[in-house]
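# Observations on chain architecture
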Amino acid sequence: MSSLKSYLAEKYMSGPKADAILAKTAPLKKKKRKAATLAPGPMLPNLRDDDGGWGAEEKEEDDDVVEAVVASDRGFKKRRTEPTGESSGWATIREGVKQDSPPPDEDEKPVVVDEPKAFVGGLMTASQLQKTMGKKDVIPTVTAEEIAQAQETVYRDASGKKIDTKAARAEAARLKREREEKEAQKMEWGKGLVQREEKEKQRLDIEKQRGKKFARHADDAELNEEMKAKELWNDPAAAFLTKSKVKGPRKPEYNGPPPPPNRFGIKPGYRWDGVDRGNGFEKKLFQSKNERKRKGLESYQWGAEDM
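Residues numbered from 1 in each chain as written. Predicted model: local features only at pLDDT ≥ 70, side-chain atom pairs only at ≥ 80, totals over all residues. Heavy atoms only, no water.

Let us now look at the packing of helix α1 (residues 2-11) against helix α2 (residues 16-25). Orientation of α1 relative to α2, taken along the N-to-C sense of each, is 140°, at an axis distance of 9 Å. Between α1 and α2, the interaxial angle falls into the category oblique. Classified by chirality, the crossing of α2 by α1 is left-handed. Side by side, α1 and α2 meet where Ser2, Lys5, Ser6, Ala9 and Glu10 of the first sit next to Ala18, Ile21, Leu22 and Thr25 of the second. (Axes fitted to C-alpha atoms, helices over the stretch in contact; angles between N-to-C directions. Helix = DSSP H or I, 4+ residues; strand = E, 2+ residues; numbered from the N terminus. Parallel < 35°, antiparallel > 145°, perpendicular 65-115°, else oblique. Left-handed = near helix turned anticlockwise from the far one by under 90°. Contact = heavy atoms within 4.5 Å.)

Structure (structure tokens):
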């Protein structure tokens, strides 16, 4: 597992985490020490020959084991070194000839403006005062129409389009006039023929009365004819003086043989063929009324017979 981590850290990872993994999984290196040279003489009897070889052999010590250290900066970059000398490193190949720039044109030269001094008071000439105060603003002349137009309220619709108030008022007046005309026509259509004739007759009468005198006497023939034409319910001469007047179209009436009576006095229609298709109730009703009257008359006569 540790070998896999070290492989991945070495091949595919970078940064402090990869460095830490490589530091943990790096192989241990042993330090080799050179064996001290044996001194001649009395030291020889103390030597032990473990493997039967000749001379002293180098031994590796496990105590002096040091872990391998991996540098944090694993990249190798070429660094630029600054020159230590005072010279910039540039070499002059050929000295050029310095040319002076041409003088600027007249319109490109800077202009010096005399700023007016602040007004501090005291005696001043007219020119100094004019320079100090500056030119007065000329008030433009505006007509009354332009002022009224500027002060007029601007109306806009929901989309922000400007509304012409005059055209809107004219359109509203036209719609109102059309609506009134339609209502007048509707009222005229709602009236009957007789009402129209009466209204027209009244108008003509008013036009006629306009040219007449205010006082009217008993010998006025037109007034007498108008009074005779009126029908009164208590007029005794109405039966032989009034003329039969036929006004407008009339519905046709039944002119055949007399129909059987009914309690309401309703006449049959003009298309009736004379056949009574009722259940006989009206006939029995009139018979019972007539029999009651007859019995009453007989009882009265019988009671007054001896008188």
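The structure having been displayed, the exposition proceeds.
Before going further, it helps to spend a moment on the packing of aromatic side chains. One pass over the structure, following the stated rule, counts two aromatic pairs. Ring geometry for Tyr7 and Tyr12: centres 6.4 Å apart, planes at 75°, overall edge-to-face. (Phe/Tyr/Trp six-rings, centres within 6.5 Å; stacked < 30°, edge-to-face > 60°.)

Attention shifts here to the pattern of salt bridges. Evaluation of the coordinates by the stated rule reveals eleven salt bridges. Between Glu222 and Lys212 there is a salt bridge; the shortest N-O distance is 2.5 Å. Here Glu222, found in helix α7 (residues 221-229), pairs with Lys212, found in the loop between α6 (193-210) and α7; they are ten residues apart in sequence, far enough to count as distant. On the basis of relative accessibility, which here comes to 29%, the residue Lys212 falls in the partly exposed class. For the salt bridge of Glu298 with Arg294, the shortest nitrogen-to-oxygen distance reads 3.0 Å. Here the residue Glu298 and the residue Arg294 both occupy positions in helix α9 (residues 281-303), the gap between them amounting to four residues, near one helical turn. By sharing partners, the salt bridges in this structure join Glu171, Arg174 and Glu178 into a single network. (Salt bridge = Lys/Arg side-chain N within 4 Å of Asp/Glu carboxyl O. Buried < 20%, exposed > 50% of the residue type's maximum accessible area, 1.4 Å probe, protein only.)

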